[in-house]
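Each chain, letter by letter, is given below.
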Amino acid sequence: MAKNKEPKTRRFRVALVDDETHKHLWTLKFTRPGFLLMVLSVAAVLIAGAFALVSLTPLRTFIPGYPDAHTQRAAIRNAATIDSLEGVVSRWEFYAGNLRRVFEGEDPVRIDSIIRSYAADTLDRSQEARLHKQDTLLRQVVKDAEQFGLTAATDRRLPIEGIHFFTPVKGVVAEGFDAATHPRLEIKATAGAVAMAVLSGTVVSALWSDEDGYTLVIQHPDEIISVYSHVRSLLRHEGDRVKAGTPVAVVGASDGGGEDFLRLELWYKGEAVDPARFISF
């Protein structure tokens, strides 16, 4: 006769009993599915806790290959250095390309390209947008005047107080104007910044002197003369006609040393006047 099979155990109990009094101190009842679910739940909680501990605390820096604070700062410095080097390379490529075109007997690239080459060092976005808007309005005024056969030099005679002057360079006035001892402004600017013509006019002098370095003199309508000196190089030649806001020189000491500033003079009817009265820097 076949033996009866023992019943399959479905429920389990774990108890904590006092060995002397045999009193049940703690009891846990469970089934196989319940035990499996409990184990999985505990494992999930442990994994989630370990992940949060590593990802949200400084412990993550101990993971091999994870960038620490020093690595991140080095990456930021390297990115800034690369950006500066890209600007330098772009300017050298522009210079080399123009030099090659001159050697081959071709016309150099238009000077307006220099503004784009130096824009990252000289103008922020708001200043660049403002200058672009002013230049656009000025070009429209000139276009309308030419359409009706008018010129600013013959038909629009305005007192100097009523004339809108273009800011020659973005910078800080390092030394002010004195009619007797210092009839000019010293404007501290970034080396390589492009200096602009304050008004439309004609270049009457482009020369070099030991005292002032490269110097450019522009004759404007209404008996106004502007002088730009102590610059690295001149972008216009004697006899050239320029418009307000047109690049005329590059700021910086011509010998590569000294201070990087622009000397600006403004003359009205044969007398030196303070440019800061009419121009905002």
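Please read these numbers as outputs of a predicted model, since none were measured by experiment. (Residues numbered from 1 in each chain as written. Predicted model: local features only at pLDDT ≥ 70, side-chain atom pairs only at ≥ 80, totals over all residues. Heavy atoms only, no water.)

### Section: the overall build of the chain
Line of reasoning, step 1. Per the secondary structure count, the chain includes four helices and 12 strands.
Line of reasoning, step 2. By residue count, 28% of the 281 residues in the chain fall in the buried class.
Line of reasoning, step 3. Pairs at least 24 apart in sequence give 56% of the contacts found in the chain among residues at least 6 apart.
Line of reasoning, step 4. Surface summary for the chain: the accessible area is close to 19400 Å², and the carbon and sulfur share equals 58%. (Helix = DSSP H or I, 4+ residues; strand = E, 2+ residues; numbered from the N terminus. Buried < 20%, exposed > 50% of the residue type's maximum accessible area, 1.4 Å probe, protein only. Contact = heavy atoms within 4.5 Å. Areas by Shrake-Rupley, 256 points an atom, 1.4 Å probe, with all protein chains shown as cover.)

### Some details on the nonpolar core
Here is a general trend for soluble globular proteins: nonpolar side chains tend to be buried in one another's company.
Line of reasoning, step 1. Core analysis: the biggest nonpolar cluster contains 30 residues, and Phe 165, Ile 218, Ile 224 and Tyr 228 have the highest contact counts within it.
Line of reasoning, step 2. Elements that contribute at least two residues to this core include exactly strand E4 (185-189), strand E7 (213-220), strand E8 (224-234), strand E10 (247-251) and strand E11 (261-268).
Line of reasoning, step 3. Filtering out sequence-adjacent residues up to four positions away, Ile 224 remains in contact with Ile 160, Ile 163, Phe 165, Leu 199, Ile 218, Gln 219, Leu 266, Trp 267 and Tyr 268.
Line of reasoning, step 4. Counting six residues, the second largest nonpolar core, distinct from the first, contains Val 194, Met 196, Ala 244 and Val 250. (Core = buried A, V, L, I, M, F, W, Y, C linked by side-chain atoms within 4.5 Å.)

### Section: the pairing of E8
Line of reasoning, step 1. Summarising burial for E8: eight of the 11 residues are buried, a large majority.
Line of reasoning, step 2. Between E7 and E8, which pair antiparallel one after the other, the connecting turn spans three residues, and Asp 222 there sits at a positive phi close to 65 degrees.
Line of reasoning, step 3. Sheet topology note: the E8/E11 ladder contains six bridges and is antiparallel. From the neighbouring strand, Ile 225 faces E11, where its bridge partner is Trp 267.
Line of reasoning, step 4. Of the pairings in the sheet, the one linking E8 to E10 comprises three bridges and is antiparallel in character. Each bridged residue has a counterpart across the sheet, and for Val 231 the counterpart in E10 is Val 251. (Pairing = 2+ DSSP bridges.)

### Some details on the side chain of Asp 274
Line of reasoning, step 1. Residue position: Asp 274 is located in the segment after strand E12 (271-273).
Line of reasoning, step 2. Salt bridges are absent for the buried Asp 274, whose nearest opposite-charge side chain, Arg 277, sits at 6.3 Å.
Line of reasoning, step 3. Of note is the side chain of Asp 274, whose polar atom sits 3.0 Å from the backbone nitrogen of Ala 276.
Line of reasoning, step 4. Ignoring sequence-local partners within four residues, the contact set of Asp 274 consists of Phe 177 and Leu 185. (Lys, Arg positive; Asp, Glu negative; His and termini not counted. Salt bridge = Lys/Arg side-chain N within 4 Å of Asp/Glu carboxyl O. Polar contact = N/O pair within 3.5 Å; in protein donor to acceptor, adjacent residues only side chain to side chain.)

### Notes on unusual backbone geometry
Line of reasoning, step 1. Even without a glycine there, the phi angle at Asp 222 is positive, about 65 degrees.
Line of reasoning, step 2. With respect to the element layout, Asp 222 can be found in the loop between E7 and E8.
Line of reasoning, step 3. Positive phi is not limited to glycine here, since His 230 has a value of about 60 degrees.
Line of reasoning, step 4. For His 230, the location among the structural elements is in strand E8.
Line of reasoning, step 5. The class of His 230 is buried, set by a relative accessible area of 17%.

### Details of a nonpolar patch on the surface
Line of reasoning, step 1. A surface patch of nonpolar side chains, amounting to about 450 Å² of accessible area, comprises Phe 35, Met 38, Val 39, Val 42 and Leu 46.
Line of reasoning, step 2. Tracing the sequence through the fold places Phe 35 in helix H1 (residues 32-55). (Patch = residues over 30% accessible without salt bridge, like charges linked within 9 Å, V, L, I, M, F, W, Y side chains within 5 Å.)

### Re the pattern of salt bridges
Line of reasoning, step 1. Taken as a whole and judged by the stated rule, the model has four salt bridges.
Line of reasoning, step 2. Between Glu 161 and Arg 277 there is a salt bridge, and its shortest N-O distance comes to 3.9 Å. Within this pair, whereas Glu 161 is found in the loop between helix H4 (125-147) and strand E3 (171-175), its partner Arg 277 is found in the segment after E12, the two being separated by 116 residues in sequence.
Line of reasoning, step 3. Given a relative accessible area of 55%, Arg 277 falls into the exposed group.
Line of reasoning, step 4. Of the charged contacts, one joins Glu 265 and Arg 184 as a salt bridge, the two residues approaching to 3.6 Å between their closest N and O atoms. With Glu 265 in strand E11 and Arg 184 in the loop between E3 and E4, the pair connects residues that are 81 residues apart, well separated along the chain. With respect to class, Glu 265 is no different from Arg 184; both count as buried.
Line of reasoning, step 5. In this structure, a network of salt bridges that share partners links the residues Glu 186, Asp 212 and Arg 263.

### What to know about the confidence of the model for the chain
Line of reasoning, step 1. Looking at the chain, pLDDT values average 78 and 70% of them are 70 or higher.
Line of reasoning, step 2. The spread of mean pLDDT over the elements of the chain runs between helix H3 (residues 112-122), the lowest at 52, and strand E9 (residues 241-242), the highest at 95.
Line of reasoning, step 3. Within the model, pLDDT remains below 50 along residues 148-156, and this stretch shows seven contacts once partners closer than five positions in the same chain are excluded. (pLDDT = per-residue confidence, 0-100.)

### What to know about the environment of Gly 252
Line of reasoning, step 1. As for its position among the elements, Gly 252 is in the loop between E10 and E11.
Line of reasoning, step 2. Gly 252 gets classed as buried once you look at its relative accessible area, which sits at 0%.
Line of reasoning, step 3. When the C-alpha atoms of Gly 252 and Ala 193 are compared, they prove to be 7.9 Å apart, with 59 residues separating the residues in sequence.
Line of reasoning, step 4. With sequence-adjacent residues up to four places away left out, Gly 252 is seen in contact with His 230, Val 231, Arg 232 and Asp 260.

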